[in-house]
Amino acid sequence: MIFDALPVERALTSALDELRLPQARIDVCHAGQQWHWDNVGFEILYPMASGTTSGNKRSCVLRVANSGGAVLLTGDTEEDAEMLLLCNQTKRLKSDVLAVRHHGSSTS
């Protein structure tokens, strides 16, 4: 596992019950979390903090940006999450690179 090869101090996840890292602080991701590291900004756009969704509908959506551009990592979101993002985070979705989930979708 990749976590065995890297020193991990903190992890953000949508699947709190599935991630086991005894050496790390593990938190649930939610919209509004942001931090900067080495002139790179990181911002969680989804899921909403008050949401009660689970599974793929709770996937973390992360935008990573610096002065050279932005990457949007959509996790494993589904159509309803994408619609919420389009309605609530339209300006923040603008990115130069979009990394989509590992399998296709007829709705995305």
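Above this text is the structure in question.
About the cut-offs
- Residues numbered from 1 in each chain as written.
- Predicted model: local features only at pLDDT ≥ 70, side-chain atom pairs only at ≥ 80, totals over all residues.
- Heavy atoms only, no water.
- Helix = DSSP H or I, 4+ residues; strand = E, 2+ residues; numbered from the N terminus.
- Buried < 20%, exposed > 50% of the residue type's maximum accessible area, 1.4 Å probe, protein only.
- Contact = heavy atoms within 4.5 Å.
- Areas by Shrake-Rupley, 256 points an atom, 1.4 Å probe, with all protein chains shown as cover.
- Disulfide = S-S within 2.5 Å.
- Pairing = 2+ DSSP bridges.
- Axes fitted to C-alpha atoms, helices over the stretch in contact; angles between N-to-C directions.
- Phe/Tyr/Trp six-rings, centres within 6.5 Å; stacked < 30°, edge-to-face > 60°.

(A) Summary view of the overall build of the chain. Scanning the chain for helices and strands turns up 3 helices and 7 strands. Going from N to C terminus, the chain has its helices and strands arranged as α-β-β-β-β-β-β-α-α-β. Here the chain, with 108 residues, has 32% of them falling under the buried criterion. Taking the contacts inside the chain whose residues are at least 6 apart along the sequence as the reference set, 34% of them involve residues at least 24 apart. When the accessible area of the chain is evaluated, it comes to approximately 7300 Å², of which 55% is carbon and sulfur surface.

(B) Representation of the state of the cysteines. If you walk through the whole model with that rule in mind, you get 1 disulfide. In this model Cys 29 forms its disulfide with Cys 60; the gap between the sulfur atoms is 2.0 Å. The sign of the S-S torsion, about -95°, decides the handedness of the disulfide formed by Cys 29 and Cys 60: left-handed. Of this pair, Cys 29 sits in the loop between strand S2 (25–28) and strand S3 (34–37) while Cys 60 sits in the loop between strand S4 (40–46) and strand S5 (61–66), and the two are 31 residues apart along the sequence. A residue is classified by how much of its surface remains accessible, and Cys 29, at 0% relative accessible area, is buried.

(C) Broad picture of the sheet that holds S4. On the basis of which strands lie adjacent, the open sheet formed by 5 strands has the order S3-S4-S5-S6-S7 and mixed pairing. Only two strands of the sheet have a single neighbouring strand rather than two, namely S3 and strand S7 (97–99). For this sheet the average axis-to-axis angle between neighbouring strands, irrespective of direction, equals 20°. Pairing of strand S6 (residues 69–73) with S7, which is carried by 3 bridges, proceeds in the parallel orientation.

(D) Spatial organisation of the pairing of S3. By the bridge criterion, 4 bridges tie S3 to S4 in an arrangement that is antiparallel. Counterpart to His 36 in the pairing with S4 is Gly 41. Where S3 hands over to S4, the hairpin turn is made up of 2 residues, of which Asp 38 adopts a positive phi near 55°.

(E) Inspection of the environment of Arg 101 at higher detail. Its place among the elements puts Arg 101 in the segment after S7. Residue class for Arg 101 comes out buried when judged on its relative accessible area of 12%. For the pair formed by Arg 101 and Thr 77, sequence separation is 24 residues and the distance between their alpha carbons is 7.6 Å.

(F) Here's a closer look at unusual backbone geometry. A cis amide bond, omega 10°, links Tyr 46 with the succeeding residue Pro 47. Within the secondary structure, Pro 47 sits in the loop between S4 and S5. Backbone geometry at Asp 38 places phi at a positive 55°, although glycine is not the residue there. Examined against the element boundaries, Asp 38 turns out to sit in the loop between S3 and S4. Of note, Asn 39 is a non-glycine position whose phi angle comes to about 65°, a positive value.

(G) Representation of the packing of aromatic side chains in the model. For the structure on display, the rule yields 1 aromatic pair. Centre to centre, the rings of Trp 35 and Phe 42 are 5.3 Å apart; their planes meet at 5°, and the pair counts as stacked.

Shape is all these values report; function is a separate question.
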